[in-house]
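One letter stands for each residue in the lines below.
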Amino acid sequence: MTTTTDIPADAARTERPAPPTKQPGRLRREGAAWVFLSPWVLGAAVLTLLPMAVSLYLSFTDYDLFNAPRWVGLRNYVQMFTEDPRYWRSVGATLMYVVIAVPLQLALALAVALALKSMKRGKSFYRSAFYAPSLLGASMSIALVWRAVFNDGGTVDNLLADVGIHTGGWVNKPGWALLAVALLTVWQFGAPMVIFLAGLQQIPVELYEAAAVDGASRRRQFVSITLPMLSPVLFFNLVLQTIQAFQVFTPAFAVSGGKGGPADSTLFYTLYLYDRGFVASHMGYASAMAWVLLIAIGAVTAVVFRTSRSWVFYANEGER
């Protein structure tokens, strides 16, 4: 009988399997994948990463679009936080807008989605009709129409005057102009509504039937079944709409004529960034503002993700 000790060491070494090598077919597939990915990679590098790097550099310079950038270090950031009162007014107006517009938009979107879910006929028509404002609301033409509707002597002013409420036009009043802009965002509830509707259709009907047998009211079913089962979709819409709200520009530009008035009540962050960069030609200062906005949005999104652990529930959460 031959034992392993009788096998020569050289033979044992020669019988070891060779390390795996990449086959030509696999190399060709990887090469083809990179060829198809190259437009996206090139676009991301040239249109996103390179401009971001240039913007980061410009945020530490004094640049007026006409002369060469001059390095000033942290001066733009120091001026922003300590010497510019309009900057803080733009921060306050933006935060107020986010707090008003996002909850109202999500609440309206959820209410309409619930109504559409219970409809038996015409659901496709109404879904398309309610979604249409999301396609049109971001345009300058709609924003100008919105300004005319809420202006002095406009439709809303006349309707309120008929019931004894004289506002003199919302866009001319510091306390009402921001609300008019927020209502334009709320009117564009179509996109979150469609997402809510898709989430509602995924909730098992058996849960509602069992709750009805137990005598649960519609309100109890909404609180105990609909909201928990819909919480991942609500979380997704909340993150998406919050990020978009921080970047609002067109409605405020149209309603205020690009000035952020009256009394800086609609001076949103992006509008002031545009004013500093393209009106005052302080592109270095505007770049610094853009990076602060990016960090702020990232921080707010991180907080929302962190708090979601206490109110977002997943169907397979117990299996993880």
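Keep in mind the model is a prediction, meaning the values are calculated, not measured. (Residues numbered from 1 in each chain as written. Predicted model: local features only at pLDDT ≥ 70, side-chain atom pairs only at ≥ 80, totals over all residues. Heavy atoms only, no water.)

### Focus on the overall build of the chain
Looking only at helices and strands, one finds 14 helices and two strands in the chain. The buried share of the chain, reckoned over its 320 residues, is 35%. A separation threshold of at least 6 residues defines the contact pool for the chain, and within that pool the share at least 24 residues apart is 67%. In the form shown here, the chain has an accessible surface area of approximately 19,400 Å², with 66% of it arising from carbon and sulfur atoms. (Helix = DSSP H or I, 4+ residues; strand = E, 2+ residues; numbered from the N terminus. Buried < 20%, exposed > 50% of the residue type's maximum accessible area, 1.4 Å probe, protein only. Contact = heavy atoms within 4.5 Å. Areas by Shrake-Rupley, 256 points an atom, 1.4 Å probe, with all protein chains shown as cover.)

### Regarding helix α8 (residues 174-187)
Here α8 contains 14 residues, and its C-alpha end-to-end distance of 21 Å stays within 8% of the 20 Å for a straight helix at 1.5 Å per residue. Within the sequence span of α8, burial applies to Ala177, Leu178, Ala180, Val181, Ala182, Leu184, Thr185 and Val186. Buried residues in α8 make contact with α4 (85-117), α6 (140-149) and α12 (250-256). (Expected span 1.5 Å × (residues − 1).)

### Topic: the packing of helix α9 (residues 190-200) against helix α11 (residues 218-246)
When two helices pack together, their arrangement is given by the angle between the helix axes and the distance between those axes. Contact geometry of α9 with α11 gives a least axis separation of 10 Å together with a crossing angle of 155 degrees. The angle between the axes of α9 and α11 places the two elements in the roughly antiparallel class. As α9 packs across α11, the resulting crossing turns out to be right-handed. In this structure, α9 contributes Pro192, Ile195, Phe196, Gly199 and Leu200 to the contact, and α11 contributes Thr226, Leu230, Val233, Leu234, Phe236, Asn237 and Gln241. Residue composition of the contact of α9 with α11, by class: eight nonpolar, four polar and no charged. (Axes fitted to C-alpha atoms, helices over the stretch in contact; angles between N-to-C directions. Parallel < 35°, antiparallel > 145°, perpendicular 65-115°, else oblique. Left-handed = near helix turned anticlockwise from the far one by under 90°. Nonpolar A, V, L, I, M, F, W, Y, C, P; charged D, E, K, R; others polar.)

### Describing the pattern of salt bridges
The final tally for this structure, using the stated rule, is five salt bridges. The salt bridge involving Asp62 is made with Arg70; its shortest N-O contact spans 3.1 Å. When its relative accessible area of 32% is taken as the criterion, Asp62 is described as partly exposed. Accessibility expressed as a relative area gives 45% for Arg70, which makes it partly exposed. Salt-bridge contacts for Arg276 lead to Asp275; the nearest nitrogen and oxygen are separated by 3.1 Å. Grouping residues by exposure puts Arg276 and Asp275 together as buried. (Salt bridge = Lys/Arg side-chain N within 4 Å of Asp/Glu carboxyl O.)

### Considering the packing of α6 against α8
Here α6 crosses α8 at 130 degrees, and the two axes come no closer than 11 Å. Comparing their axes, α8 and α6 come out oblique. For α6 against α8, the interelement crossing comes out right-handed. Facing α6, whose interface residues are Ile142, Ala143 and Trp146, α8 presents Ala180, Leu183, Leu184 and Trp187. Taken together, the residues of the contact of α6 with α8 sort by class into seven nonpolar, no polar and no charged.

### Here we look at the environment of Phe66
Relative to the helices and strands, Phe66 is located in the loop between β1 (61-62) and β2 (70-71). Between the C-alpha atom of Phe66 and that of Ser281, which follows or precedes it by 215 residues, the distance is 8.7 Å.

### What about the packing of aromatic side chains?
Taken as a whole and assessed by the stated rule, the structure comprises 20 aromatic pairs. A centroid spacing of 6.1 Å and a plane angle of 35 degrees characterise the contact between Tyr57 and Trp71, whose relative ring orientation is tilted. Of the two residues, Tyr57 is situated in helix α2 (residues 24-58) and Trp71 in strand β2; the sequence distance between them amounts to 14 residues. When the centroid spacing of 5.6 Å and the interplanar angle of 35 degrees are considered together, the rings of Trp146 and Trp187 count as tilted. Of this pair, Trp146 sits in helix α6 while Trp187 is found in helix α8, placing the two residues 41 residues apart along the sequence. Overall, Trp146 belongs to the buried group, its relative accessible area being 15%. Residue classification places Trp187 among the partly exposed residues on the basis of a relative accessible area of 30%. Among the aromatic side chains, those forming a connected cluster through ring pairs are Trp146, Phe150, Trp170, Trp176 and Trp187. (Phe/Tyr/Trp six-rings, centres within 6.5 Å; stacked < 30°, edge-to-face > 60°.)

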